[in-house]
Amino acid sequence: MPDYTEIVQDKFERVLNQSVVRILSADGFQQDGTHFWLKIGRIGRVVQIHRNSSHRQMAVFTFHAKIYSDDFWDLEHPDEPLPDRWYDGWQSMVFHKNVGDFFGKNRGTQWLTGDALTNEEEMIARLNHLMTRHILPYLNKFSTIDDILDELEHPSVRRMIMLGWLGRRAEAYAELTHLIAHDHQTRRRLNYLRVARRYRII
């Protein structure tokens with residue numbers, strides 16, 4: 001069987017350069033290896049390419065769309081500076097979607113494939129559609145901490161803590177009230193109160 005490894009690699013790189021790299025670069029993203037990142041104030045938007053290296057004669061890959069927050073980093077890592085490569089980790093990541101999430105897949109991601117016979121123009125068109133109609137519109141929803149707070153599950157402890165840490169005590173207290181009202185487990189209610197006291201919400 002012929003070895004198409006180099007052919008597939010060259011095709012994979014051409015397809016990415018003419019679709020993903022072109023679109024994200026035009027939108028202001030910077031590239032570091034498999035990561036594309038854009039910082040808007042204290043919010044980070046990231047697209048990561050993940051390739052399955054176990055397939056040598058076929059490009060099997062997917063994408064991850066991630067949202068990072070300096071505020072969540074400061075909250076959860078007080079007195080620690082934000083890492084230089086903040087976009088290559090999970091510590092300040094707030095949201096994460098894979099390709100499968102954009103197409104209603106309940107579990108796992110959706111892998112894309114290409115081999116030596118793949119039509120490059122069709123693959124480029126498919127990736128253009130994925131980036132411009134799904135991934136970028138999702139990432140572009142987030143520019144401020146309020147955009148993140150709107151997207152967080154409500155009510156939730158994480159949202160309550162962030163509101164309290166931001167000094168928005170009335171909103172944090174309202175979140176606490178909703179948490180208690182929606183949960184009849186005494187142990188969890190007491191835990192909500194302990195957390196609220198810790199962050200001076202009550």
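Before reading further, recall that the structure is shown in the block above.
We now turn to the structure provided with this report. (Residues numbered from 1 in each chain as written. Predicted model: local features only at pLDDT ≥ 70, side-chain atom pairs only at ≥ 80, totals over all residues. Heavy atoms only, no water.)

### Brief notes about the packing of helix H6 (residues 157-165) against helix H7 (residues 169-182)
It is at 8 Å that the axes of H6 and H7 come closest, and there the two elements cross at 160°. For the element pair H6 / H7, the angle class is roughly antiparallel. Crossing angle aside, the handedness with which H6 passes H7 is left-handed. Two secondary-structure elements touch here, H6 through Val157, Arg159, Met160, Leu163 and Gly164 and H7 through Glu171, Ala172, Glu175, Leu176 and Leu179. Split by residue class, the contact of H6 with H7 holds six nonpolar, one polar and three charged. (Axes fitted to C-alpha atoms, helices over the stretch in contact; angles between N-to-C directions. Helix = DSSP H or I, 4+ residues; strand = E, 2+ residues; numbered from the N terminus. Parallel < 35°, antiparallel > 145°, perpendicular 65-115°, else oblique. Left-handed = near helix turned anticlockwise from the far one by under 90°. Contact = heavy atoms within 4.5 Å. Nonpolar A, V, L, I, M, F, W, Y, C, P; charged D, E, K, R; others polar.)

### Considerations on the pattern of salt bridges
Per the counting criterion, the structure on display carries twelve salt bridges. Arg14 serves as the salt-bridge partner of Glu120, at 2.5 Å between the closest nitrogen and oxygen. Here the residue Glu120 occupies a position in helix H4 (residues 120-139), and Arg14 occupies one in helix H1 (residues 5-26), the gap between them amounting to 106 residues. Note that Arg158 is salt-bridged to Glu76, the shortest N-O span being 3.6 Å. Here Arg158 is found in helix H6, whereas its partner Glu76 is found in helix H2 (residues 70-76), with 82 residues between them in sequence. Linked by salt bridges that have partners in common, Asp32, Arg85 and Asp88 make up one network. (Salt bridge = Lys/Arg side-chain N within 4 Å of Asp/Glu carboxyl O.)

### Some details on the side chain of Asn98
Its location among the elements puts Asn98 in strand S5 (residues 93-98). For Asn98, a relative accessible area of 11% corresponds to the buried category. Among the polar contacts made by the side chain of Asn98, one reaches the main-chain amide nitrogen of Gly100 at a distance of 3.0 Å. Those residues in contact with Asn98 that lie beyond four places of it in its chain are Phe63, His64, Gly108 and Thr109. (Buried < 20%, exposed > 50% of the residue type's maximum accessible area, 1.4 Å probe, protein only. Polar contact = N/O pair within 3.5 Å; in protein donor to acceptor, adjacent residues only side chain to side chain.)

### Let's talk about the side chain of Gln48
Within the secondary structure layout, Gln48 lies in strand S3 (residues 43-51). Accessibility expressed as a relative area gives 17% for Gln48, which makes it buried. Here Lys66 takes part through its side chain, which lies 2.6 Å from a polar atom of the side chain of Gln48. Once residues lying within four places of it in the same chain are set aside, the contact partners of Gln48 are Thr34, His35, Thr62, Phe63, His64 and Lys66.

### Focus: the nonpolar core
Judged by nonpolar contacts, the single largest core of 52 residues is most densely connected at Val47, Phe63, Leu127, Ile135 and Ile148. Sort the elements by how many residues they give to this core and H4 lands first, with nine residues. Ignoring sequence-local partners within four residues, the contact set of Ile135 consists of Val47, Phe63, Ala65, Phe102 and Leu130. Residues Val46, Tyr68, Trp86 and Tyr87 belong to the second largest nonpolar core, which totals five residues. (Core = buried A, V, L, I, M, F, W, Y, C linked by side-chain atoms within 4.5 Å.)

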